[in-house]
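# Architecture at a glance
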Amino acid sequence: MGPTRANFIQYAPAALAVVPLAAGPWSALAAAAAGAGAWAVGASAPVLRSLIACGLTTTGCGIAASEVLAAGMNPLIALGLAVPAGAAALAHHRNLAGHLPAPELTPVTTGAGAGTGAATGQTSQAQLITAWWREYISGPTQTEGRVLIQAGANLEHLGLEIDADHVAFTGIITLPQGQQVRVKAADIASVYQIPVSQVELGDPKHYAPNALPVTVHLKVPAEQPQIAAGAPTTPEELWAAYVGVPEGAMPGTTLTLTRYDGPLDWEGIATRDRKAIGTVNLQDLAGNLDLETIQIALAPGDKPSQMGIRVMREHALMHGTMLSSVLDELSMDSRGYVRAGTYVDGRPALLPLAQPGSGARHLYLVGGSRSGKSGLLEQILLSAHRSGIAVILASPQAGTIAGASLSAYLGDGLDEAMGSLRLAYAMMLDREARYRSPAFPFTDPLVLFVVDEAHMLLSASSPYHDEAKAIVEQLTRRSLKRGIGVVLATQTPLAEDLGNSTVIRSQLLIGGGAVFLRCAKGQGSLVGANAVEGAEGIDLSMIPSQWPGQYAKVADRDMSGLATEVAAAPEDGTFGLGYLLTPGSQAVQFRSLHLDVPPVSLAGGERPVGIEDCDAWRERDAIAQTRMVDKRGKNLVGSLADLLAAAEAAASSQEPAVHHNPVGLHAVPGPARPGGAPAAPDGQELIKPRILELLQEHSIPMTAETIARKLEIPATRVKPRLSELKKRGEVINEHGLWRAA
């Protein structure tokens, strides 16, 4: 077998060193031939420079030797000229170590060298391996500026294993007695330019400290994608291997297929033997099945030990449900539900607006920009209109709700939206005063109080934060029994959007349902502080804004001009795609109805459902301008009489919007005195009736200090009167809170 490329580059200078003794001037031609050969085999630039220098040196020595012999001088002088040529050849060999390419280990010979100290009898591959080891790891040679990995750590008992697609060498790293091997696998991998995984070192615990076996795989066969014997392939096998295991998303469950149309299109039922499955983390389940989250949908069943699973190649809700096609389902049914959209399994997604025999229902709506939140609000306004429900609408961002004309009262803009909040609270106080008598029939219409972008009123940065938070907390707690439901829409599920009030969120979820649409990245997680029972593990930011394949569709540009009459199709985006959570159930993926026609156009041109004629409604304009808390954001107005008095005072004031003490003495109707004079603040018997009337007007217990502040009487005079009333059985004290008996 002929010499290899490395052999040629390595031994050509040695031949040049001998040429001066025999060839004379012909050594120039020999040097040129060696240089041309090195260039032809593709030697690196440093190797070529070293070879040229060696050739020039030997050429000069050859010419000088020829002249000496021709002049009849002493032949020993000519022989001495070969010494510089030999030195140049040795220098070239030193320069080869740092610049030779990776060893081209071809199956020349399968054998073993005697070690780093003896290169005699080694194959070219073994010589290269040994040279690299000595140059970078053990020495004794050491190039300037290069630090050896561990001097003296020789590679002994070198052996080669060469096949068609595999090249490896083995050996023992040996040090003098008393020293310890510190060469690491990463060091060897860096020298031979291979992955660390291809270096195998023996366990030092099983060998002498100064002798450690090593195996280096210089070339390994390419890995072929294969399915290991017994690897899971069917959905049932995948489920058993990754989902039903203790560390899986649904431990202890088994899967029973009910439909199978391919690995990405099947349905099944997960069952846990006589144990509840509990909440399921959708992200973990998608990871177990190696799918995208949007490809999986869960469908809780009647049994807590079962859960429906659906895997989709193309999402079932991609084509949507048209609003105009389900017009008859928008009106409230006998159970108080309206059609809000379609579940992923094709069933109608129903939303509660009322509860027969109990009152109204709340709704918590979350959705970021371009998620379909405004469209769902318009749909709710239409359903309320068709169901005979009056609407009070608060829209801090003016002009964002296209169906605002369906509301009985509209607060458009930040200040006006706060006025809507005050009016809704006044309506609740009015109904509380009128419904106190058991004989009063519940004939007034249901009222839906809708707040879009509620965070603009409730967040800590809002100028109305204290007042709005106090009002909404009371509304969500007390309004359902009075036939007033609250719909709060925010952009994120973060607690800050609800004024950091756990009361508001808990009451919304207890008193109705919740709709969760897409949110911005990092703001849609329903875990941790934002956890919602029944929606654990859902990250709303994982809902994509486009269906798979839509980017290619958008890239196909149409330059014919703007089509002004073209309407968006459901496939153009994931508007309205999210999760619907109703009381006592798990959040289920759904999509709201696609507004193929404007909802307001389906109202038939009818006037909005009106609110009953009552004191709060008649004084709505004054109430909307009346601040209901003091400067500290405390002492919310607690009775309709106080509120109307404060509104009347605000209307006659030059600064009607600022009323620092709306619940003062003049706002509390006391017993009439001769000549119309108000009750005198002095006298024990005159204080007791006022205390009783105040407690009867309010439906919430109060402390003695609060009563004193509302009546503008010192607490030292109020407390003894409360004790006297308690002895009479006219008031009750529970943990420091007083209320009428």
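The sections below set out a description of the structure shown in this document. Here the structure is a predicted model, which means the values were calculated and not measured.

### Brief notes about the overall build of the protein
Looking only at helices and strands, the protein has 21 helices and 22 strands in total. Residue burial in the protein is summarised as follows: out of 741 residues, 46% are buried. Element-wise, carbon and sulfur atoms account for 55% of the exposed surface of the protein, whose accessible area totals about 35700 Å².

### So, the layout of surface pockets
Its volume calculated, the largest pocket comes out at about 840 Å³. Lining the largest pocket are 36 residues, and of these T582, P583, G584, S585 and Q586 sit closest to its centre. Considering only residue class, the lining of the largest pocket consists of 18 nonpolar, 12 polar and six charged.

### Details of the packing of aromatic side chains
Counted by the stated rule, this structure contains four aromatic pairs. Pairing Y364 with F516 gives two aromatic rings, centres 6.1 Å apart and planes at 85°, and the pair type is edge-to-face. Here Y364, found in strand β13 (residues 362-366), pairs with F516, found in strand β18 (residues 512-517); they are 152 residues apart in sequence, far enough to count as distant. Classification of F516 by relative accessible area gives buried; the value is 0%. Ring geometry for Y409 versus W617: centroids 6.4 Å apart, planes at 75°, classification edge-to-face. Of this pair, Y409 sits in strand β15 (residues 409-412) while W617 sits in helix α16 (residues 615-618), placing them 208 residues apart in sequence. W617 shares its class with Y409; the two are buried. Every member of this aromatic cluster is reached through a ring pair, and the members are W132, F169 and Y192. When the ring centre of W617 is taken as reference, the NZ or CZ atom of R620 above it lies at 4.1 Å.

### Some points on the nonpolar core
In terms of nonpolar packing, the biggest core is built from 87 residues, with M250, L285, L488 and F516 touching the most fellow members. With 10 residues, the top contributor of residues to this core is helix α11 (residues 414-434). Setting aside residues no more than four positions away along its own chain, L488 makes contact with L363, Y364, L365, V451, A454, L458, V472, L498, I504 and L508. With 39 residues, the next largest nonpolar core counts L323, L353, L448 and V588 among its residues.

### Quick look at unusual backbone geometry
Located in the positive-phi region is E453, a residue other than glycine, with phi close to 50°. The topology assignment puts E453 in the loop between β16 (447-451) and α12 (455-458). Even without a glycine there, the phi angle at E712 is positive, about 55°. Here E712 is to be found in the loop between α20 (704-711) and α21 (715-728).

### Comments concerning the sheet that holds strand β2 (residues 167-174)
Here four strands make up an open sheet; going across it, the order is β1-β2-β4-β3 and the pairing antiparallel. Each end of this open sheet is capped by a strand with a single partner; those strands are β1 (154-162) and β3 (199-201). Strand-to-strand, the axes of this sheet are offset by a mean angle of 15°, without reference to chain direction. Helix α6 (residues 124-138) rests against β1, β2 and β4 (211-219) of the sheet, and its axis sits at about 145° to β1. Each of β2, β3 and β4 is contacted by helix α7 (residues 185-192), which is oriented at about 145° to β3, the strand it contacts most.

### A few points about α6
With 15 residues, α6 ought to run about 21 Å at 1.5 Å a step, and its terminal C-alpha atoms sit 20 Å apart, in line with that. Among the residues making up α6, those that are buried are Q125, A126, L128, I129, T130, W132, W133, E135, I137 and S138. The first or second residue beyond α6 is G139, which carries a positive phi of 85°.

Conventions we followed
- Residues numbered from 1 in each chain as written.
- Predicted model: local features only at pLDDT ≥ 70, side-chain atom pairs only at ≥ 80, totals over all residues.
- Heavy atoms only, no water.
- Helix = DSSP H or I, 4+ residues; strand = E, 2+ residues; numbered from the N terminus.
- Buried < 20%, exposed > 50% of the residue type's maximum accessible area, 1.4 Å probe, protein only.
- Areas by Shrake-Rupley, 256 points an atom, 1.4 Å probe, with all protein chains shown as cover.
- 1 Å grid on protein atoms, 1.4 Å probe; cavity = no way out; pocket = protein on both sides within 12 Å on 5 of 7 lines; lining within 4 Å.
- Points joined across faces, edges and corners; volume = space filled by probe spheres on them.
- Nonpolar A, V, L, I, M, F, W, Y, C, P; charged D, E, K, R; others polar.
- Phe/Tyr/Trp six-rings, centres within 6.5 Å; stacked < 30°, edge-to-face > 60°.
- Lys NZ or Arg CZ within 6 Å of the ring centre and 35° of its normal.
- Core = buried A, V, L, I, M, F, W, Y, C linked by side-chain atoms within 4.5 Å.
- Contact = heavy atoms within 4.5 Å.
- Pairing = 2+ DSSP bridges.
- Axes fitted to C-alpha atoms, helices over the stretch in contact; angles between N-to-C directions.
- Expected span 1.5 Å × (residues − 1).

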